[in-house]
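Fold and contact review
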Amino acid sequence: MTGRQQVNDALFVDCGDGYEIKQGDRAGQIVYRRQPRARFECVRCEYASEIVTGPVAVREFVANEPTSHRAVCPAIHNTSTQQGAIAA
């Protein structure tokens, strides 16, 4: 890549600390000592999400939050700051 690069947003994910049960009725399940967690921050508008915890919640959050925020981010959708957005 060439040229200047800029960070616009960041997705932080901590996969937690756990182990898989190998035998018995619960074989295949994961037991967490520390639950997975995630958060999202937008540098453009200074938005910071709440911290989401738990494997299912983190998976859904990672799949949806960045796209959902970009759809409503005031810094992206402020037409006065976008190049070429104002037509005569």
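Thresholds, definitions, all that
Sequence positions are assigned chain by chain, starting from 1 and proceeding in written order. In keeping with the model being predicted, local features are shown solely for residues with a pLDDT of at least 70 and side-chain atom pairs are shown and tallied solely at 80 or more, while totals for entire chains, interfaces and linings include all residues. Excluding hydrogens and water, the side-chain figures rest on all heavy atoms present in the structure. A carboxyl oxygen of Asp or Glu within 4 Å of a side-chain nitrogen of Lys or Arg is what we treat as a salt bridge. Each helix corresponds to a stretch of at least 4 residues labelled H or I by DSSP, and each strand to a stretch of at least 2 residues labelled E; elements are numbered beginning at the N terminus. Relative accessibility decides the category of a residue: with a 1.4 Å probe and only protein chains considered, values under 20% of the type maximum give buried, values over 50% give exposed, and everything between is partly exposed. Criterion for a disulfide: a pair of cysteine sulfur atoms at a distance within 2.5 Å. The span expected for a helix works out to 1.5 Å for each residue beyond the first. We call two residues in contact when some of their heavy atoms are within 4.5 Å. Side-chain rings of Phe, Tyr and Trp, where Trp is taken by its six-membered ring, are said to pair if the distance between their centres is within 6.5 Å; with planes under 30 degrees apart they count as stacked, over 60 as edge-to-face, and otherwise as tilted. We call a set of buried Ala, Val, Leu, Ile, Met, Phe, Trp, Tyr and Cys residues a nonpolar core when their side-chain atoms join them within 4.5 Å. Confidence scores here are pLDDT values: one per residue, from the predictor, ranging 0 to 100.

Another aspect to go through is the pattern of salt bridges. Opposite charge on two side chains permits pairing when their charged atoms draw close. The tally for this structure, following the rule as stated, stands at seven salt bridges. Put simply, Asp9 and Arg70 hold a salt bridge, and the shortest N to O gap is 3.0 Å. Linking Asp9 in strand β1 (residues 9–14) with Arg70 in helix α1 (residues 55–72), this pair joins segments that are 61 residues apart in sequence. You can call Asp9 buried: its relative accessible area is 17%. Judged by its relative accessible area of 35%, Arg70 falls in the partly exposed class. Where Arg33 meets Asp17, a salt bridge forms, and the shortest distance between an N and an O atom there is 3.5 Å. Within this pair, whereas Arg33 is found in strand β3 (residues 30–34), its partner Asp17 is found in strand β2 (residues 17–20), the two being separated by 16 residues in sequence. One network of salt bridges, in which partners are shared, links Asp9, Arg44 and Arg70.

What follows is about the state of the cysteines. For the coordinates displayed, the defined rule picks out zero disulfides. Free cysteine Cys73: the closest other cysteine sulfur is in Cys45, separated by 3.8 Å. On the basis of relative accessible area, Cys73 is assigned to the buried category, the value being 0%.

Turning our attention to α1. Taking 1.5 Å of rise per residue, 18 residues should cover 26 Å, and α1 covers 26 Å from first to last C-alpha, within 8% of that figure. Buried within α1 we find Val58, Phe61, Glu65, Pro66 and His69. Considering only its buried residues, α1 is in contact with β1, β4 (37–42), β5 (47–48) and β6 (52–53).

Bringing the packing of aromatic side chains into the picture now. Following the criterion strictly, the structure yields one aromatic pair and no others. Plain terms: the ring middles of Phe40 and Tyr47 are 6.4 Å apart, the flat faces sit at 50 degrees to each other, and that makes the pair tilted. Using a relative accessible area of 1% as the deciding quantity, one classes Phe40 as buried. The exposure class of Tyr47 is partly exposed, given its relative accessible area of 30%.

For the rest of this paragraph, the subject is the nonpolar core. Within the largest apolar cluster, seven residues are counted, these being Ala38, Phe40, Cys42, Val52, Val58, Phe61 and Cys73. Those elements that place two or more of their residues in this core are β4 and α1. Tallying contributions element by element places β4 first for this core, with three residues.

Residue-level pLDDT values for the chain average 86, and 88% of them are 70 or greater. Confidence drops under pLDDT 50 across residues 81–88; counting only partners more than four residues distant or on other chains, this segment forms six contacts.

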